[in-house]
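# Fold and geometry: a report
Here is what each chain is made of, one letter per residue.
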Amino acid sequence: MRTIHRVAMLLALAAPLAACGSTTSEGSNISGTITVGAATSLGKAFTALVADFESTHPGVSVSLSLASSKELRTNINNAAPIDVFASADWDNMKAVKVALRSPAVEFTTNRLAIVVPPGNPKGITGLSSLAEAGVRVATCSPGVPIRTYTDAMLTSAGLLEKVSANYNNFAANVAGIVTAVVNGGSDAGVVYRTDVLSAGSSVFGVTIPDSENHVAHYPIAELATSTHHAAASAFIEYVNSAAGQAILARFGFGTK
Amino acid sequence: VNKQRPPLAVAALGVVAVVFFALPFVGLLWRAPWSDLGHILWRHDVRTALWLSLRTSLIATLLAAVFGVPLAWLLARTGFPGRRVVRALATMSMVLPPVVGGMTLLFSVGRKGLFGGVLHDWFGLTLSYSTVGVVVAQMFVSMPFLVLAVEGAIHQSDPRFEGAARTLGGSEWYVFRRITLPAIRSGLAAGMALAWARAFGEFGATITFAGNFPGRTQTVSIATYLALDVDQRDAMALSVLMIAVSLLVLVGLRDRWLGHERRVTW
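The rules we used
Residues numbered from 1 in each chain as written. Chains lettered and ligands numbered in written order. Predicted model: local features only at pLDDT ≥ 70, side-chain atom pairs only at ≥ 80, totals over all residues. Heavy atoms only, no water. Helix = DSSP H or I, 4+ residues; strand = E, 2+ residues; numbered from the N terminus. Buried < 20%, exposed > 50% of the residue type's maximum accessible area, 1.4 Å probe, protein only. Contact = heavy atoms within 4.5 Å. Areas by Shrake-Rupley, 256 points an atom, 1.4 Å probe, with all protein chains shown as cover. Lys, Arg positive; Asp, Glu negative; His and termini not counted. Charge placed at Lys NZ, Arg CZ, Asp CG, Glu CD. Pairing = 2+ DSSP bridges. Phe/Tyr/Trp six-rings, centres within 6.5 Å; stacked < 30°, edge-to-face > 60°. Buried area = accessible area lost by both parts, 1.4 Å probe. Salt bridge = Lys/Arg side-chain N within 4 Å of Asp/Glu carboxyl O. Nonpolar A, V, L, I, M, F, W, Y, C, P; charged D, E, K, R; others polar. Expected span 1.5 Å × (residues − 1). Polar contact = N/O pair within 3.5 Å; in protein donor to acceptor, adjacent residues only side chain to side chain. Bend = angle between axes of the 7 residues up to and from the residue. pLDDT = per-residue confidence, 0-100.

Per the secondary structure count, chain B includes 14 helices and 0 strands. Counted from the first residue to the last, chain B has its helices and strands arranged as α-α-α-α-α-α-α-α-α-α-α-α-α-α. Its C-alpha atoms give chain B principal-axis dimensions of roughly 70 × 65 × 30 Å. When each of the 266 residues of chain B is scored for burial, the buried share is 41%. Contacts in chain B between residues at least 24 apart in sequence constitute 72% of all its contacts with a sequence separation of at least 6. Carbon and sulfur atoms make up 70% of the accessible area of chain B, which amounts to about 15,300 Å² in all. Each charge sign in chain B was given a centre, from 24 positive and 13 negative side chains, and these centres are 6 Å apart.

Given below as structure tokens:
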């Protein structure tokens, strides 16, 4: 009796595990749950975009996995069950060792900006301020797209050597740069313009003029290992559609 | 009545230690979004992470008991060769940095790991980046707590009771079930509570081995860590929840740790 009870308990606990990932097909011609691995900077925009996509595709459920493109690429190369990869740069998309269903396409762009605490206590006015002695600058570890773009931009400005000497914090993803600045771990950081917009009043943004700025390119692709081809390609199609692009634009991203 | 007055330096340093333990809680609880707590914790994504953590940690604890109790018994009651090595191995993941634990799992039983390919090709089992992987990671890091607690309890229980039962004709299995297990139930309960708390709070091994997939591998610890970079109020609300859970475990273990030296008699 007691044993039966325990077994029942175990089964009750295990049942939802087995239910995970199963798909139901009702009415709609496309159904299933897809996992979209998206760059951290896409977080808020893709959350809104996914909600809109799910309301227009009732049979499809999207699970959004947010991390740096570098981390997602590592996950994918270790056979993580990701159906769609939305990367913040081409380097990480090209480093994917899993075959793609079709070639990756660029779906949006972004620009860089400097993030500082409210009130801008260090008086940061532009890239050259980041090179000044005693300014602690947050960035990411090498290979994370924001770091690649930042270093490229600083190289063009001839400031890389001086600014990189001021790097004091190497976050796992771009959101970590904002956190470091908000919590006083760093005086400033280079992030995407969209990060400054979505951080709201917790930070100040310092604009980098287009002449010095770099453009971030975001490619998206379906992985050949995806078992939900119809849903995955519908999602990519939606991201590239007028509705999807409008949502991206609302969060400050560039449209195609 | 043999309480003594402490030397001033000892008292002062002791007070510093107490403040050191207390201040972090004060800071977090002070700034926590109390009025929104219910709202945040009831949100769909938070409930999903919480439910995942509850399920996986409970299963991990039960599995740790299923395999850990026999191992503890072997360590305590038999003198098999290489016992010390086995005990060291069984304790290793307790002192190992969790992220390294996750690495060892990824490169051994992960999909691309040494044995992971076999698991996948022969049994269709993929542990890395899956909910089962979360359970495996939690079990890996939490089982030592259970093994050590149970082994200690077995050491303290009198082997003559088992001997007597055998003399009276009880089979080895009967003796284990009816004499050994009841004698260690307090140690087993404590070991399971500790293992569960460790499994519930697991972060490093989980994110390394199972990644961060909402609904599948994003446990409440991982959600809390990620929330820090998105909305600090969410991070604080989740932390409050986990502090409450830890307090409950501590209250559950109070007889063991908080001074009530109660002798359990059988």
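The structure having been displayed, the exposition proceeds.
Below, the discussion takes up the pairing of strand 9 (residues 215-222) of chain A. Residue and element names in this part refer to chain A. Summarising burial for strand 9: 6 of the 8 residues are buried, a large majority. Two strands pair when backbone bridges link them, and strand 3 (residues 84-86) and strand 9 are joined in this way by 3 bridges, in the antiparallel orientation. Considered in strand 9, the bridge of Ala86 is made with Ile220.

Let's shift gears to the packing of aromatic side chains. Considering all chains together, one arrives at 15 aromatic pairs over all chains under this definition. An angle of 90° between the planes, with centres 5.2 Å apart, marks the rings of Phe53 of chain A and Phe235 of chain A as edge-to-face. Taken together, the residues span a long stretch of sequence, with Phe53 of chain A in helix 2 (residues 43-56) and Phe235 of chain A in helix 10 (residues 229-240) at a distance of 182 residues. For Phe53 of chain A, a relative accessible area of 0% puts it in the buried group. You can call Phe235 of chain A buried: its relative accessible area is 0%. Aromatic side chains Trp73 of chain B and Phe176 of chain B sit 6.0 Å apart centroid to centroid with 90° between the ring planes, which places their arrangement in the edge-to-face category. In this pair, Trp73 of chain B sits in helix 3 (residues 44-77) while Phe176 of chain B sits in helix 9 (residues 172-183), placing the two residues 103 residues apart along the sequence.

Taken together, the contacts link 25 residues of chain A with 19 residues of chain B. In total, chain A and chain B occlude about 2,100 Å² of area from one another, counting both sides; carbon and sulfur atoms represent 62% of this. Our count for the contact surface shared by chain A and chain B stands at 0 salt bridges. Among the secondary structure elements, those contributing two or more residues to the side of chain A that touches chain B are helix 1 (2-19), strand 2 (60-67), helix 3 (69-77) and helix 8 (174-182) of chain A. Here the side of chain A that touches chain B takes 5 residues from helix 1 of chain A, the largest share from any one element. Of the residues assigned to the side of chain A that touches chain B, the class counts are 14 nonpolar, 11 polar and no charged.

Residue and element names in this part refer to chain B. A rise of 1.5 Å per residue sets the reference length of helix 13 (residues 232-252), with its 21 residues, at 30 Å; its end C-alpha atoms lie 30 Å apart and thus fit the reference within 8%. Listing the buried residues of helix 13 in full gives Asp234, Ala235, Met236, Ala237, Leu238, Ser239, Val240, Leu241, Met242, Val245 and Val249. On its buried face, helix 13 sits against helix 1 (8-31), helix 2 (37-41), helix 3, helix 10 (185-201) and helix 12 (220-227). You can read the cap of helix 13 off the contacts: a side-chain oxygen lies 3.0 Å from the backbone nitrogen of Arg233, and it is on Asp231.

With that settled, the discussion passes to the pattern of salt bridges. All names here are of chain B. Scanning all chains against the criterion turns up 13 salt bridges over all chains. Ionic pairing is found between Arg233 and Asp36, a salt bridge with its closest N-O pair at 2.3 Å. In this pair, Arg233 sits in helix 13 while Asp36 sits in the loop between helix 1 and helix 2, placing the two residues 197 residues apart along the sequence. Under the relative-accessibility criterion, Arg233 is labelled partly exposed at 36%. Between Asp45 and Arg43 there is a salt bridge, with the nearest N and O atoms lying 3.0 Å from each other. The class of Asp45 is partly exposed, set by a relative accessible area of 42%. In this structure Arg43 comes out as partly exposed when scored by relative accessible area, which is 29%.

Taking 1.5 Å per residue, 26 residues should reach 38 Å; helix 7 (residues 131-156) of chain B reaches 37 Å between its end C-alpha atoms and fits that length. At Ser142 of chain B, helix 7 of chain B is bent by approximately 40°, the largest bend along its length, and proline Pro144 of chain B sits one to four residues beyond.

Attention now goes to the confidence of the model for chain B. All names here are of chain B. Put simply, chain B has an average pLDDT of 91, and 95% of its residues get 70 or more. Ranking the elements of chain B by mean pLDDT puts helix 14 (residues 254-257) last, at 65, and helix 7 first, at 96. Low pLDDT, under 50, characterises residues 258-266; the stretch is placed with 8 contacts to residues that sit more than four places away or in other chains. Listed scores for the predicted complex are pTM 0.81 and ipTM 0.72.

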